[in-house]
Structure formats: structure tokens, C-alpha cells
Amino acid sequence: MTTASEHARPALAPAGSWRLPLGSARSGRSLLLDKRACVANLLLAAALWAACVASLCLGEVSITPRAAIAGLFGYGDFMDVFVVQELRWTRLLAGVLSGGAFALAGCLMQTLARNRLATPGIIGLDNGATAFAVASVLGVGLGIAPPAMALVGASVATAIAFGLAGGIGTQGYRFLVAGIGVGAAFDAITRLMLARSAIDAANAAYPWTVGSLNGVGALALNMLAIGLVIGLIGAAALARALGVVRFSEGVAQGLGIRVAHIRLGALVLSVGLTALAVAVAGPVGLIALIGPELARHLSSRRGVPLMGATLAGALLMVVADLAGRVLFSPIEIPVGLISTVVGAPVLLWILLRPGHKIGV
Amino acid sequence: MTVPFEAPPLSLTSPLQAEKLCVSYGRRPVLSELDIAFPREQVTAIVGPNGCGKSTLLSALARLHTPQAGRITLERRDIRSYGARELARALALLPQNVTAPEGLTAAELIRFGRQPHQSWLRQWSAEDAAVVDAALAAADLQALAHRPLEAMSGGQRQRAWIAMAIAQQTPVLLLDEPTTALDLGHAIEVFELVRDLAAEGKTVVMVLHDLGNACRYADHLVAMRDGRVVAAGPPSEIVSRELVRELYGVDCTLVTDTDTGAPLLANVRRARDIAAPGSSIS
Ligand SMILES: Nc1ncnc2c1ncn2[C@@H]1O[C@H](COP(=O)(O)OP(=O)(O)OP(=O)(O)O)[C@@H](O)[C@H]1O
Ligand SMILES: [Mg+2]
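Residues numbered from 1 in each chain as written. Chains lettered and ligands numbered in written order. Predicted model: local features only at pLDDT ≥ 70, side-chain atom pairs only at ≥ 80, totals over all residues. Heavy atoms only, no water.

The name an unreviewed UniProt entry gives chain B is Iron dicitrate transport system permease protein FecE, with Salinisphaera shabanensis E1L3A as the organism. For chain B, the Subcellular location (unreviewed entry) comment in UniProt is given as "Cell membrane". The Sequence similarities (unreviewed entry) comment attached to chain B in UniProt states, word for word, "Belongs to the ABC transporter superfamily." (UniProt positions renumbered as here; feature names shortened; annotations may be inferred.)

Naming follows an unreviewed UniProt entry, where chain A appears as Iron dicitrate transport system permease protein FecD of Salinisphaera shabanensis E1L3A. Looking at the Sequence similarities (unreviewed entry) heading of the UniProt record, one finds this comment for chain A: "Belongs to the binding-protein-dependent transport system permease family. FecCD subfamily." In its Subcellular location (unreviewed entry) section, the UniProt record describing chain A reads: "Cell membrane".

Structure follows, in C-alpha cells:
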């Protein structure tokens, strides 16, 4: 506690952490890394790498990992190069980026609402983004590109849910309930638009409604890539404060955290990430529920596993897409369907497991 | 009012004071024109019936509520002029109801108390380590340091929260009912800890329900009712049968603890039962 003891012995990292000094010991600059979170992130990254290689190799035509990686850079058999570069690479990229964005957005929103059920998909953001994007595809809207329309839709859905609930509230329940209603309304609007449009236009809009990584546009993908980088930087900046936002409001403010600001920042990031991901993959919202859950399990409870959730989401998306492509090949199952089949039990588990709270 | 409240002369030496403070929830006023000052480096106990506004007062002092009128000064500066982290280094509040993220251990909880002293590039220092160790020891939690809060008893958990507030190392400490869940032994431990903190130069304010302990361990007692201060001063000077009756609607016999000189309540009963003559001396 005294300055004497500060110089007498080096700073002891607390249990379960590594301390990385930055600069001289006197300056006291340091980072604290959670051992368990680091190990979890490494594991998830390794699994993601393996899933990515598998995704490039497997499909209607299977090739070896060597050929797949060579093909990625334009070497090797012409057919392999074509399959990897033209058919699988964009799709893989779309899966990694959208899965990461969905799960990061989910983790941010769960944390700011202090409720693990409060993911963008469940509070109607995905549906809002989808409705606006479909409107754009069908020519109902203003002729803005679908990704931009998705962003508008997600923002509108959030604003309505927010307005109806009158804020987020301590446990996010009002927000959650309002959001479920808003999501249902937007879903109905999407269906109505599809029912009233010509069959060709409806077909063009179909991938938007089920969630699929098939035929992803370059614009949407580029926007998502930029958005995810910004999202990760923003999340890193907010990470320490978000760890404190999980406490009850009085405690968080008492620790010097401007809770309202932090929540708003996290909300903006979450809405933006979700909208951009929906523009690429459609409403695959349950990734936002399963990804953070997986990361939370592997990681430690001390911090918010933002990086872990991103990696887990990317991993889940790639695996779900791969499964959809190979399980019943040549029939392809949309990734949205797979994630729903896997996600629904996880949702029930969160709701029903005994002895646990629903908070983050 | 049985005991008139006078503007305290201690306002000059008080690090924290409120003047004409009005706070309301929606349209319902909870605190009205409340004046209060807490003596420096002493222990103040706030007592009063349920719902009289004690927790609201503490929250307002920690800037969790925006007052409708009046002002609060910390070291003669309006608390509104403090930055968020600056305020958290000057004043710590342990609210009455608190929740922590699931799965956190006691040591991890206490580490969060260091948050206002840390930053993105200064995440852990030797001082942090020493303060957390000292707080664990002060709350007698070394043996339970790595146990999750969910797996602790209510009193153990409450001690962990007190330790977190201590780890914040602020000159002013506000504790809302810090001993309600504690057994006699641990409650006394907390009171003695609070006395030690005051002896080290901290100004401690705690809300208590036990008037006896408030008299025994506080230098300064503030009695509240219906959002107002009805009496303030050294316990032996302000506690009277009338005050107890006004606060809680009970009658009692007041005796003086011969060891400490603090007033003690004996033979407490509901006020309407005092008809029996000759039952009270004070
Ligand atoms: N969030 C709130 N919204 C509306 N009214 C509130 C809120 N919190 C407290 N109140 C009301 O304000 C009044 C003062 O509450 P406060 O919590 O300050 O009382 P208290 O003196 O701490 O009581 P206790 O001894 O029971 O803790 C009570 O009448 C209470 O019903
Ligand atoms: Mg209270």
C-alpha cells in the first residue's frame, strides 16, 4: 500500500493473470492478460483455422488441404484453383466475417442489457434489417443498396424497441419484450412484401430471408470487413468499462464508469455490426446467442469475452455452412436453418438450466 | 420536531455536505430541503425508519441521482464538477442492493475496486496488488479469496463487497447497511474496521438500523424521518426517548453504557403500550 512496498517487490499479477509491463517498472504501465481467456482464444483460433481449411477442401469436389492452400494463391491444378478461388473462398470469407460480426454484436448487446437473451436477433434487429433489405431488392424502397438499407432497418428496429421500452432498464426485460414485438412486426412486413411481389422478385429476395452464404455481393462483403475491424477496435476500447457495466448500475457508476455512454457506444457498435452481417448472410441471428455462450464457457468470468465471442461466432458460422453443404450433398441446406436447429436447444438451455441467473 | 436541527458548525471541517437538497422519484419528493454535513475523519451513522430516504441520500451524495434542487459539495467543490473517475477516487459507495457478474470470485470482485485507479495502459500495479491483499485481510476473506460469490454465505458476500469499497481507497466511504447480513462477530469486526478506517483519516458514513451499534460506534449520528434530518450530533447528546419514539414509534428505556458512555436502548415496546405508569426512566 505504501510507496516503500511498491519498490520493495515487483508487482504480483493476480491469480490467473499474466502481467505485461510496458516500459519501465516505475511508470507502472502494464497490461493484464487473463490466462484462461488467452488459452480460450488460442483454442478458438486454432479451431477456426482448421474449419477454414476444411471448408476450402470439402464439398461436392473434395481436394487435399495442400491443394486447397496452393489453389488459394493460384498454384496447382486448374480445376482446384477454380473451385477454391471462385466457389469457396468468397463464401468462406463471408462466413468468417459475418459469424464474427454477429457474435461480437451479440456479446456487446448481452452485456449492455445485462441479459444473455438480449441478442440482436431476438430483439428484432435482424428482422428489421431483413425487411428493409428485402424492400430494397423488391424495389419497394428508395433504391439504396441492400447493405445500406439493412443498416437503416436495424437502426429503425432498435430505435422503435428502445422508444417503446423507454430505455434498457436494469435487466433489459422491457427492451427485450419490446424488441420481440418489433421483430415479429418486421417479419410480418417482410412476408407481406414477398407475398405481394412477382415470383421472380420474390426469388431474388429469398436468400435474404433464410440466411445463406450463397452468392454474396462484393460491396456487402467489403463493408462488413471494414465494419468488423472498426467493431473490434471499438470493442477493445470499451472492453474494460464493459466488464464493469455487468455490475448493478450503482456499483458501476460508483467505480467511475459512465454507464450510459458505454451502453450507447456498445449499442451503436452492435447495431452496425448486425446490420452489416445481415447484409451478407441474412438473418442468422442465433450465432449471436451461441457464439458468446461458447466463449463465455471457455473464457474466464473476469472480463467480457469480446474476442472469444468473435472467434467462436466465426467458427460456428463456418462449421454450420460447411455442414449445410456436405451433410446432404448435393442438396444444400442454408446456414440459417442449421444455426436455428443448433441454436434453439442452446436458447432453451439458457432459459431452463437450473441454478443460474440470466444475467451476463 | 422534538430535537431541533441547527446548522452544524462542523460544516467548515466537513469534506462532504449537502445544502437544501431535494430529490424525488418521478413526482414524489423523497428528500426535501435537506441540509447535512459529515465530520471529517469521523464515523457518521444515519438512522431512520424504512423508506425515510437514507439510501436515496447516499445515492445522491454519490451522484447516482440528480437532485431537483440544492447542491452537494465534496471538498468544497460541487460534485457535478467532478469527472466520473475523479469522483470514484474521492468517494466510494457500497449501495444497499448490489449484483455482480455471475461466477466472479471474492478476489476478482475486490480487484474491480481498483478500476478508478487504473487505465487501459495501466492495468495492474504493485500498489493494486498490495491494496487488494490488504482489503482481503481487512474483510477476513483470505481463506475464501478464490471462491465464487454464489458459493458464499450472505454475510461472506457482504464482506467481499465491503472489501471492494475499501480497495477503492477513497478518503470518503459511504456504506449502505453494511452489517445487515452479518452475524454478531462479523458485524463487530466491520464496525471496528470502520473505526480503524476513520483513525487512518477516512470519513465514513454508514446507514444502520441498529441504533445501539450506531451510538456505540459512530462519532456523529444523523436521524432522518420523511426525507428530513430531525436530529444530528454526537449520539450521547441527541438520543432521547422522544427521538426514538419520533423515529420508530416505539417507547424504550434509555440507559447509559457504563463502559463506553454510549446510550443503550432497553425494554423497547410499541408506543401505544406505554400507558403503564412508572415504566420509564431516561
Ligand atoms: N427507484 C425508485 N423509484 C421510486 N421510488 C423509490 C425508488 N427507490 C426508493 N423509492 C422510494 O423512496 C423512498 C425512500 O427510499 P429509500 O430507499 O431511500 O429508503 P431507505 O431510508 O433507504 O429505507 P430502508 O431502510 O428500507 O432501506 C421510499 O418511499 C421508497 O419507496
Ligand atoms: Mg435503504
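That shown, we press on.
### Points about empty space enclosed by the protein
Residue and element names in this part refer to chain B. The full count for this structure, using the stated rule, is 3 cavities of 30 Å³ or more. Considering only enclosed or pocket space, the largest cavity measures out at about 80 Å³ in volume. In terms of residues, the lining of the largest cavity owes the most to one element, helix α5 (residues 154-167), which gives 3 residues. (1 Å grid on protein atoms, 1.4 Å probe; cavity = no way out; pocket = protein on both sides within 12 Å on 5 of 7 lines; lining within 4 Å. Points joined across faces, edges and corners; volume = space filled by probe spheres on them. Helix = DSSP H or I, 4+ residues; strand = E, 2+ residues; numbered from the N terminus.)

### A closer look at the interface of chain A and chain B
Of the residues lining the interface, 41 residues belong to chain A; the matching set on chain B comes to 42 residues. With both chains or domains summed, chain A and chain B bury close to 3600 Å², and 56% of this area falls on carbon and sulfur atoms. Where chain A touches chain B, the interface holds 1 salt bridge. E102 of chain B is the partner of R116 of chain A in a salt bridge, and the nearest nitrogen-oxygen pair spans 3.4 Å. Counting the contacts that link chain A with chain B gives 11 residue pairs in polar contact (both at pLDDT 80 or more). (Contact = heavy atoms within 4.5 Å. Buried area = accessible area lost by both parts, 1.4 Å probe. Salt bridge = Lys/Arg side-chain N within 4 Å of Asp/Glu carboxyl O. Polar contact = N/O pair within 3.5 Å; in protein donor to acceptor, adjacent residues only side chain to side chain.)

### Quick look at the pattern of salt bridges
Under the definition given, this model contains 17 salt bridges over all chains. A salt bridge links R114 of chain B to D128 of chain B; its shortest N-O distance comes to 2.8 Å. One end of the pair, R114 of chain B, is in the loop between α3 (106-112) and α4 (126-138); the other, D128 of chain B, is in helix α4, with 14 residues separating them in the sequence. No difference in accessibility class separates R114 of chain B from D128 of chain B, as the two residues are buried. Salt-bridge contacts for D251 of chain B lead to R241 of chain B; the nearest nitrogen and oxygen are separated by 2.9 Å. Taken together, the positions of D251 of chain B in strand β11 (residues 250-256) and R241 of chain B in helix α9 (residues 241-248) put the pair 10 residues apart, joining distant regions of the chain. The burial state of D251 of chain B is the same as that of R241 of chain B; both residues are buried. In this structure, a network of salt bridges that share partners links the residues R91, D321, R325 and E332 of chain A. (Buried < 20%, exposed > 50% of the residue type's maximum accessible area, 1.4 Å probe, protein only.)

### Points about the nonpolar core
Formed by 149 residues in total, the largest nonpolar core has its most connected members in F247 of chain A together with L109 of chain B. When residues of this core are assigned to their parent elements, the largest contribution, 14 residues, is made by helix α11 (residues 259-281) of chain A. Dropping the residues within four chain positions of it, L109 of chain B is found in contact with F247 of chain A together with A100, L104, L149, A160, W161 and M164 of chain B. Formed by 31 residues, the second largest nonpolar core is a distinct cluster that contains V30, I79, L93 and L174 of chain B. (Core = buried A, V, L, I, M, F, W, Y, C linked by side-chain atoms within 4.5 Å.)

### Examining the UniProt feature "domain: ABC transporter" (unreviewed entry) in chain B
UniProt feature "domain: ABC transporter" (unreviewed entry): in the numbering of this structure it lies at residues 16-251 of chain B. End C-alpha to end C-alpha, residues 16-251 of chain B measures 33 Å, and it is 36% helix and 26% strand.

### Digging into the site of ligand 1
Residues and elements named next belong to chain B. The immediate surroundings of ligand 1 are formed by 14 residues, with N50, G51, K54, S55 and T56 found nearest. A distance of 3.4 Å separates a nitrogen atom of ligand 1 from a polar side-chain atom of Y25. In the model, an oxygen atom of ligand 1 is placed 2.7 Å from a nitrogen or oxygen of the S55 side chain. Secondary structure elements with two or more residues in the shell around ligand 1: β2 (28-38) and α1 (54-61). By residue number, the principal contributor to the shell around ligand 1 is α1, which donates 3 residues. Partitioned by chemical class, the residues of the shell around ligand 1 number 4 nonpolar, 7 polar and 3 charged. (Near = heavy atom within 4 Å. Nonpolar A, V, L, I, M, F, W, Y, C, P; charged D, E, K, R; others polar.)

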